[in-house]
Amino acid sequence: MTDPAEFAHQLSRQTRDVLNRIQRAAHAPMHNMSAAGARAFYEKAAGVLEVDKKPMAREEVLTIPTRDGQQIQARLWAPSHDRLPVLLYFHGGGFTIGSSATHEPLCRQLASLADCAVVSLDYRLAPEHRFPTAVFDAWDALAWLRGQRLHLGLHPSAWAVGGDSAGGTLAAVSALHARDQGWSLGGQLLFYPGTTAHQDTGSHARYAKGMVLGEATIDYFFEQYIPTRSQRSDWRFAPLLAADHAQVAPAWLGLAEIDPLVDEGVAYADALRMAGVSVDLEIYPGVVHGFIQWGRVEPMALKAHADAAAALRQWWGDA
């Protein structure tokens, strides 16, 4: 990973320090690893810059059936045993790495700040499970949670979807799916989601090298997940290409200023607004892709956590 000098002045001091430390560590690039190796590396590194894990009154492992007869797991965290609203969360990782464990501190943080339950899904990963398996796992989990909310002691109608990066893509397409099914979803919480088919925006060109997530890593992830380029025009991979965004759930988008994905996040916010959807867009200055998991060192991460929780509380009102 490199830190291009022309962008160094845009970085916050904290983010610049993190990038310098990553550069000094001189780890092998993730795109040179096997999928298994990349997963192991990410699992080990994910919590280093995270906030401390908030204590929760409820911690449960859930088992969810899928349409192909398999079972996947999810983890539930809640700050109380009350009948709380619930956020179904999809972790990031290019559809190839990441898990409920890598995003546990973040999910606990959101549960604490928003006073809600968070269900974090371990959807199946590529290359063992290519597109659209992750999408179907997300949709199956959404349908299952809708039917199980009362059984789980959760609020019967206050719910939302959310995710970061690839998980933000899954949240966006799940919100579209919920609309198509006639399910009244409270909102969609999208941290720097992928929304386009071919990574050809200006920000992809500007930030192709370095900045944690660059062109080589993005290509690596998508070669694992969706290697046939013609498939990338499927709206379930690129929700910006959905035929209609009208009447989808309200959206909150939190983007990193210095991120290949920032332009497509803005484009998605614009598409939703043009369709009459309520949208709150925040672009956090001086930070890069992945910053929401840097809460121990980057103040913008804490601000993003608080802003996201405020959006959840607003959607749910007095639920």
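Everything numeric here is computed off the predicted structure, so don't read it as measured data.

**Some details on the overall build of the protein chain**
Here is step 1: A tally of helices and strands in the protein chain yields 10 helices and 8 strands.
Here is step 2: For the protein chain, whose C-alpha radius of gyration is 18 Å, the value lies close to the compact-globule estimate of 20 Å for 319 residues.
Here is step 3: Expressed as lengths along the three principal axes of its C-alpha atoms, the size of the protein chain is roughly 55 × 45 × 40 Å.
Here is step 4: Here the protein chain holds 319 residues, and the buried ones make up 58% of them.
Here is step 5: Intrachain contacts of the protein chain at a sequence separation of at least 6 include 77% that bridge at least 24 residues.
Here is step 6: Carbon and sulfur atoms provide 50% of the accessible area of the protein chain, an area that totals close to 12,500 Å².
Here is step 7: Between the centroid of the 27 positive side chains of the protein chain and the centroid of its 34 negative side chains there is a distance of 3 Å.

**Overview of the packing of aromatic side chains**
Here is step 1: Here the structure, examined in full by the defined rule, presents 11 aromatic pairs.
Here is step 2: Consider the rings of Y220 and F221, whose centres lie 5.7 Å apart with planes at 50°: the pair is tilted. Of the two residues, Y220 and F221, neither departs from the other in class, the shared state being buried.
Here is step 3: By way of ring pairs, the aromatic residues F95, F131, F222, Y225 and F237 are connected into one cluster.

**Describing unusual backbone geometry**
Here is step 1: Residue P127 is reached from A126 by a cis peptide bond, and omega for that bond is 5°.
Here is step 2: Residue P132 is reached from F131 by a cis peptide bond, and omega for that bond is 5°.
Here is step 3: With respect to the helices, strands and loops of the structure, P132 is situated in the loop between β4 (117-121) and α5 (133-148).
Here is step 4: Positive phi, close to 65°, is recorded for F95, a residue that is not glycine.
Here is step 5: Among the structural elements, F95 can be located in the loop between β3 (86-90) and α4 (104-114).
Here is step 6: Positive phi outside glycine occurs at Y192, with the angle close to 30°.

**Digging into the sheet that holds β3**
Here is step 1: Sheet architecture is open: 8 strands sit in the order β1-β2-β4-β3-β5-β6-β7-β8, paired in mixed fashion. Two strands bound the open sheet, and with one partner strand each, they are β1 (58-65) and β8 (279-288). Strand-to-strand twist in this sheet, taken as the mean axis angle between neighbours without regard to direction, amounts to 20°.
Here is step 2: Relative to β4, strand β2 (residues 71-78) is paired through 4 bridges, and the arrangement is antiparallel. Across the sheet, residue W77 finds its bridge partner in β4, namely V118.
Here is step 3: Packed on one face of the sheet, α5 meets β1, β2, β3, β4 and β5 (159-164) and runs near 115° to β1.
Here is step 4: Across the sheet, helix α6 (residues 166-181) lies against β3, β5 and β6 (188-191), angled at about 150° from β5, the strand it touches most.

Procedures and definitions
Residues numbered from 1 in each chain as written. Predicted model: local features only at pLDDT ≥ 70, side-chain atom pairs only at ≥ 80, totals over all residues. Heavy atoms only, no water. Helix = DSSP H or I, 4+ residues; strand = E, 2+ residues; numbered from the N terminus. Rg over C-alpha atoms; globule rule 2.2 N^0.38 Å. Buried < 20%, exposed > 50% of the residue type's maximum accessible area, 1.4 Å probe, protein only. Contact = heavy atoms within 4.5 Å. Areas by Shrake-Rupley, 256 points an atom, 1.4 Å probe, with all protein chains shown as cover. Lys, Arg positive; Asp, Glu negative; His and termini not counted. Charge placed at Lys NZ, Arg CZ, Asp CG, Glu CD. Phe/Tyr/Trp six-rings, centres within 6.5 Å; stacked < 30°, edge-to-face > 60°. Pairing = 2+ DSSP bridges. Axes fitted to C-alpha atoms, helices over the stretch in contact; angles between N-to-C directions.

All quantities given are derived from atomic positions and should not be read as evidence of function.
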